[in-house]
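If you want the building blocks of each chain, they are given just below.
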Amino acid sequence: MNPVLTPAELEERLRAIGKERYHHLHPFHHLLNQGTLTKAQVKAWALNRYYYQSMIPVKDATILSRMPDAALRREWRQRILDHDGANDDEGGIRRWLALTDGLGLDRDYVLSTRGVLPATRFAVEAYVHFVRERSLLEAIASSLTELFSPMAIGARVSGMLANYDYITPEILAYFDKRPPQATRDSDFALAYVKAHARRPDQQQAVLDALSFKCDVLWAQLDALHHAYVTPATPPPGAYDPEGETE
């Protein structure tokens, strides 16, 4: 049986997973940040990522529904407000739509999610299924990819602004608020996990949950790379960038 980790050792193991497996390491993100993607490929990324963004509050509402403690629910529901906003003019999903609008994607087409890759849909739905079916501890631990997102966002924003002449700070407004939100959320989730994962099996489940979430993010980029970079064969029904090479 594995020994019980101290809270500090558990955090170290969690951070090591992100260092090795977080999706900022994926070749597609390197291409995106370095400015070597075509505009059509950037559109494909934004379109597919929209589906993930749109399901984040669904995921968080699923977790919220499983929380028996009112104080915990009050803390977690802020995540839903961050993405959905208090009205139709606010929130992370609205800011992501400003990105897809700015790239020239039709708003109704984006909202319909018709052009999303099957693998994107399967990966995101697997994540929602995970937080519904696994323990609350595992569901909360799966959100800990937010430990690593502020660093990745900084590189993404600076790279895109420097390398794509059609990208503006206004188009990338989604990313303005995410680093402090992600830091707040990951600090809370990390403290929860360190306090509640006391047995070896619980600690291993927490580590596995974070690895699973990294796989969810990585799988989405694998699908994008295959469909739009190499061999560049989008499946039937998915967004087809043929003729969009500007």
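To keep things clear, this report deals only with the structure shown in the data block.

Rules used throughout
- Residues numbered from 1 in each chain as written.
- Predicted model: local features only at pLDDT ≥ 70, side-chain atom pairs only at ≥ 80, totals over all residues.
- Heavy atoms only, no water.
- Axes fitted to C-alpha atoms, helices over the stretch in contact; angles between N-to-C directions.
- Helix = DSSP H or I, 4+ residues; strand = E, 2+ residues; numbered from the N terminus.
- Parallel < 35°, antiparallel > 145°, perpendicular 65-115°, else oblique.
- Contact = heavy atoms within 4.5 Å.
- Nonpolar A, V, L, I, M, F, W, Y, C, P; charged D, E, K, R; others polar.
- Phe/Tyr/Trp six-rings, centres within 6.5 Å; stacked < 30°, edge-to-face > 60°.
- Buried < 20%, exposed > 50% of the residue type's maximum accessible area, 1.4 Å probe, protein only.
- Lys NZ or Arg CZ within 6 Å of the ring centre and 35° of its normal.
- Core = buried A, V, L, I, M, F, W, Y, C linked by side-chain atoms within 4.5 Å.
- Salt bridge = Lys/Arg side-chain N within 4 Å of Asp/Glu carboxyl O.

1. Quick look at the packing of helix 3 (residues 39–64) against helix 5 (residues 92–102)
Logical step 1: Contact pair helix 3 / helix 5: the axes reach a minimum separation of 10 Å and the direction vectors enclose 170°. The orientation of helix 3 with respect to helix 5, classified from their angle, is roughly antiparallel. In this structure, helix 3 contributes Trp45, Ala46, Leu47, Arg49, Tyr50, Gln53, Ser54 and Pro57 to the contact, and helix 5 contributes Ile93, Trp96, Leu97, Leu99 and Thr100.
Logical step 2: When its residues are assigned to classes, the contact of helix 3 with helix 5 shows nine nonpolar, three polar and one charged.

2. Quick word on the packing of aromatic side chains
Logical step 1: All told, the structure shown has nine aromatic pairs when counted by the stated rule.
Logical step 2: Aromatic side chains Tyr164 and Tyr166 sit 5.6 Å apart centroid to centroid with 45° between the ring planes, which places their arrangement in the tilted category.
Logical step 3: Overall, Tyr164 belongs to the buried group, its relative accessible area being 4%.
Logical step 4: In this structure, Lys39 is placed above the aromatic ring of Tyr166, and the distance from its NZ or CZ to the ring centre is 4.9 Å.
Logical step 5: Over the face of the ring belonging to Trp76 we find Arg79, whose NZ or CZ atom lies 3.7 Å from the ring centre.

3. Some words on unusual backbone geometry
Logical step 1: The amide bond that connects Thr230 to the next residue, Pro231, takes the cis arrangement and shows omega of 5°.
Logical step 2: The residue Pro231 is located in the segment after helix 11 (200–228) in this model.
Logical step 3: Within the chain, Ala232 stands out as a residue other than glycine whose phi angle is a positive 60°.
Logical step 4: Mapping Ala232 onto the fold places it in the segment after helix 11.
Logical step 5: Judged by relative accessible area, which is 38%, Ala232 ranks as partly exposed.

4. Side note on the nonpolar core
Logical step 1: Judged by nonpolar contacts, the single largest core of 43 residues is most densely connected at Leu14, Ile63, Met67, Ile140, Leu144 and Val193.
Logical step 2: Only helix 1 (7–21), helix 3, helix 4 (70–84), helix 7 (118–133), helix 8 (136–142), helix 10 (174–196) and helix 11 provide two or more residues apiece to this core.
Logical step 3: It is helix 11 that contributes the most residues to this core, seven residues altogether.
Logical step 4: If we ignore the near neighbours within four places in the chain, the residues touching Leu144 are Leu14, Ser186, Ala189, Leu190, Val193 and Leu210.
Logical step 5: Leu37, Trp96, Leu97 and Leu224 belong to the second-largest nonpolar core, a separate cluster that totals 35 residues.

5. Overview of the pattern of salt bridges
Any two side chains of opposite charge can pair, given that their charged atoms come close.
Logical step 1: Under the defined criterion, the tally for this structure stands at eleven salt bridges.
Logical step 2: In this structure, Asp60 engages Lys59 in a salt bridge whose closest nitrogen and oxygen atoms are separated by 2.7 Å. A single burial state applies to Asp60 and to Lys59, both of which are buried.
Logical step 3: As a salt-bridge pair, Glu138 and Arg134 come within 3.3 Å of each other at their nearest N and O atoms.
Logical step 4: One connected set of salt bridges, linked through shared partners, spans Glu11, Arg15 and Lys194.

Structural measurements only, silent on function.
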